[in-house]
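# Examination of the molecular architecture
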Amino acid sequence: FDQRDGEIWWDGTFVPWSEAKLHVLSHGLHYASSVFEGERAYGGRIFKSEEHTARLHESARVLGFEIPYSEAVINAAKDELLQRMNLVDAYIRPVAWRGSEMMGVSAQANTIHLAIAAWEWPSYFKPEERLKGIRLDMAQYRRPDPATAPFKSKAAGLYMICTLSKHEAERKGYADALMLDWRGQVAEATGANVFFVKDGKIHTPTPDCFLDGITRRTVIDLAKRRGFDLIERVIMPDELETFEQCFLTGTAAEVTPVSEIGPYTFEVGEITKALMTDYDAVVRPSAPQLQAAAG
Ligand code: PMP
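Residues numbered from 1 in each chain as written. Predicted model: local features only at pLDDT ≥ 70, side-chain atom pairs only at ≥ 80, totals over all residues.

The name that an unreviewed UniProt entry assigns to the protein chain is Branched-chain-amino-acid aminotransferase, with the source organism given as Roseibium hamelinense. As recorded by UniProt, the Sequence similarities (unreviewed entry) comment attached to the protein chain reads in full: "Belongs to the class-IV pyridoxal-phosphate-dependent aminotransferase family." Comment text from UniProt for the protein chain, heading Function (unreviewed entry), reads "Acts on leucine, isoleucine and valine." (UniProt positions renumbered as here; feature names shortened; annotations may be inferred.)

This is the structure:
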């Protein structure tokens with residue numbers, strides 16, 4: 001991934017992609033003092049760009065550091081990067097981290113860096129392929145208690161258990177894994193939120209120890225606009241067998257139907273399909289009405 005053409009925005013300037021390197025003694029690498037975002041542009045427009053930038057700033061604050069670039073500067077940098085890279089449908093990855101001045105748990109004085117990379121991510125919407133649904137493993141690791149880790153930060157450190165769970169799932173032939181939280185309640189997938197459908201109603205876990213995704217909130221709004229009942233509540237894993245439909249939401253996942261979680265199977269039903277269609281209409285720029293409504 002490090003040998004490509006193009007540029008990366010780094011601390012206020014554009015550097016050639018292959019030269020965007022940092023020192024091995026960076027605090028962010030050793031102690032996970034790093035936060036990031038994952039965003040998508042559709043038709044040249046970054047979906048909810050400002051919201052992602054606000055979350056990035058907040059993620060850093062939760063880890064005790066301030067990103068030294070304003071939200072306006074970051075928003076403009078992302079747009080300029082897409083233009084310079086000639087990207088229309090793209091993934092955008094801002095990342096902020098503590099630098100290399102001090103090497104130890106404490107790094108109060110270390111410079112805070114910010115880089116933004118973007119690469120092509122084709123925006124095809126092929127419902128016929130996705131309607132098969134994906135298969136999820138049950139993850140071995142659990143989302144930590146909020147007293148153990150600052151869950152409101154999209155912090156690199158919190159992804160250690162996600163990568164472990166995703167790798168294990170892939171080894172077993174699954175696409176992803178469903179993670180429980182420290183109480184044993186259903187939480188989320190390794191990089192996406194989870195929803196279920198039963199008796200015409202939508203159920204999703206309350207985000208009290210995992211990321212309340214931007215896509216999650218968008219899909220909740222879309223569901224309400226359709227008049228669907230949406231219930232945020234505690235969901236225990238022994239309920240999985242009672243649900244009829246299941247889907248994931250996330251910037252990368254969009255709305256992805258789930259066909260299996262371990263021994264349980266789900267149909268790709270009408271509510272899941274409706275939300276896939278509505279989300280598609282909101283993110284892809286041919287539906288100004290829905291976009292305005294989605295804010
Ligand atoms: N949970 C986790 C662990 C994630 O990594 C993501 C992706 N950022 C999400 C949920 C979904 O968040 P969003 O909809 O903001 O992409």
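The next subject is the overall build of the protein chain. The helix and strand inventory of the protein chain stands at 8 helices and 16 strands. Computed over its C-alpha atoms, the radius of gyration of the protein chain comes to 19 Å, within 12% of the 19 Å expected for a compact globule of 295 residues. In terms of overall dimensions, the protein chain has C-alpha extents of about 55 × 45 × 30 Å along its principal axes. Here the protein chain holds 295 residues, and the buried ones make up 36% of them. In the protein chain, the proportion of contacts linking residues at least 24 apart, taken out of those at least 6 apart, comes to 69%. (Helix = DSSP H or I, 4+ residues; strand = E, 2+ residues; numbered from the N terminus. Rg over C-alpha atoms; globule rule 2.2 N^0.38 Å. Buried ≥ 20, exposed ≤ 12 C-beta atoms within 10 Å, placed from the backbone. Contact = placed C-beta atoms within 7 Å.)

Next up on the list: the site of the ligand. If you check the shell around the ligand, you find 14 residues, and the closest are Gly213, Ile214, Thr215, Gly250 and Thr251. Residues of the shell around the ligand, tallied by class, amount to 4 nonpolar, 8 polar and 2 charged. (Near = placed C-beta within 6 Å. Nonpolar A, V, L, I, M, F, W, Y, C, P; charged D, E, K, R; others polar.)

Each domain of the protein chain was delimited in the assignment, giving domain 1 (7-120) and domain 2 (127-294). Each partner contributes to the interface: domain 1 provides 19 residues, whereas domain 2 provides 13 residues. Elements supplying a minimum of two residues to the side of domain 1 that touches domain 2: strand E3 (34-36), strand E4 (39-42) and helix H2 (49-62). In the side of domain 1 that touches domain 2, the residues fall into 7 nonpolar, 5 polar and 7 charged. (Domains from an automatic or database assignment.)

A word on the pairing of strand E10 (residues 186-189). Looking down a regular strand, the side chains alternate between one sheet face and the other. Here strand E9 (residues 176-180) pairs with E10 via 3 bridges, running antiparallel. Within E10, the residue paired with Leu178 across the bridge is Ala189. Hairpin connection between E9 and E10: a loop of 5 residues separates the two successive antiparallel strands, and Gly184 in this loop has a positive phi of roughly 90°. (Pairing = 2+ DSSP bridges.)

What describes two packed helices is the angle between their axes and the distance between those same axes. Where H2 contacts helix H3 (residues 71-84), the two axes come as close as 10 Å, and the packing angle between them is 130°. When the axis of H2 is compared with that of H3, the two are oblique. Between H2 and H3 lies a crossing of right-handed hand. Listed contacts from H3 to Ser49, Glu50, Thr53, Ala54 and His57 of H2 are Glu71, Ile74, Asn75 and Lys78. (Axes fitted to C-alpha atoms, helices over the stretch in contact; angles between N-to-C directions. Parallel < 35°, antiparallel > 145°, perpendicular 65-115°, else oblique. Left-handed = near helix turned anticlockwise from the far one by under 90°.)

This part covers helix H5 (residues 160-171). In this model H5 runs 17 Å from its N-terminal to its C-terminal C-alpha over 12 residues, within 8% of the 16 Å that 1.5 Å per residue would give. If you check which residues of H5 are buried, you get Ser165, Lys166 and Ala169. Along the long axis of H5, the arc covered by the buried residues comes to 100°, so they all point the same way. In H5, the exposed residues that point more than 90 degrees away from the buried face are Met160, Thr163, His167 and Arg171. (Expected span 1.5 Å × (residues − 1). Arc of directions from axis to C-beta.)

Once that is clear, we can look at the nonpolar core. One finds Ile116, Leu178, Ala189 and Tyr279 to be the most contacted residues of the largest nonpolar core, which totals 59 residues. In terms of residues, this core owes the most to one element, helix H7 (residues 270-283), which gives 5 residues. Counting residues domain by domain, this core receives three or more from each of domain 1 (7-120) and domain 2 (127-294). Beyond its immediate stretch of four places on either side in the chain, Ile116 contacts Ile8, Trp9, Ala77, Lys78, Leu81, Ile92 and Pro94. (Core = buried A, V, L, I, M, F, W, Y, C linked by C-beta atoms within 7 Å.)

With that settled, consider the confidence of the model for the protein chain. Overall, the predicted model of the protein chain reaches an average pLDDT of 95, with 97% of residues at or above 70. Counting interchain partners and residues more than four positions distant, the pLDDT-below-50 stretch residues 287-293 has 6 contacts. For this predicted complex, the interface score ipTM comes out at 0.99, while the overall pTM is 0.95. (pLDDT = per-residue confidence, 0-100.)

In the sheet, strand E8 (residues 134-138) pairs with strand E15 (residues 254-261) via 3 bridges, with the strands oriented parallel. Bridging across to E15, Leu136 finds its partner in Ile261. Pairing geometry for E8 and E9, over 3 bridges, is parallel. Bridge pairing links Leu136 to Asp176 in E9. The parallel pair E8 and E9, bridged by H5, forms a crossover whose chirality is right-handed. (Right-handed = clockwise from strand over helix to strand, strands pointing away.)

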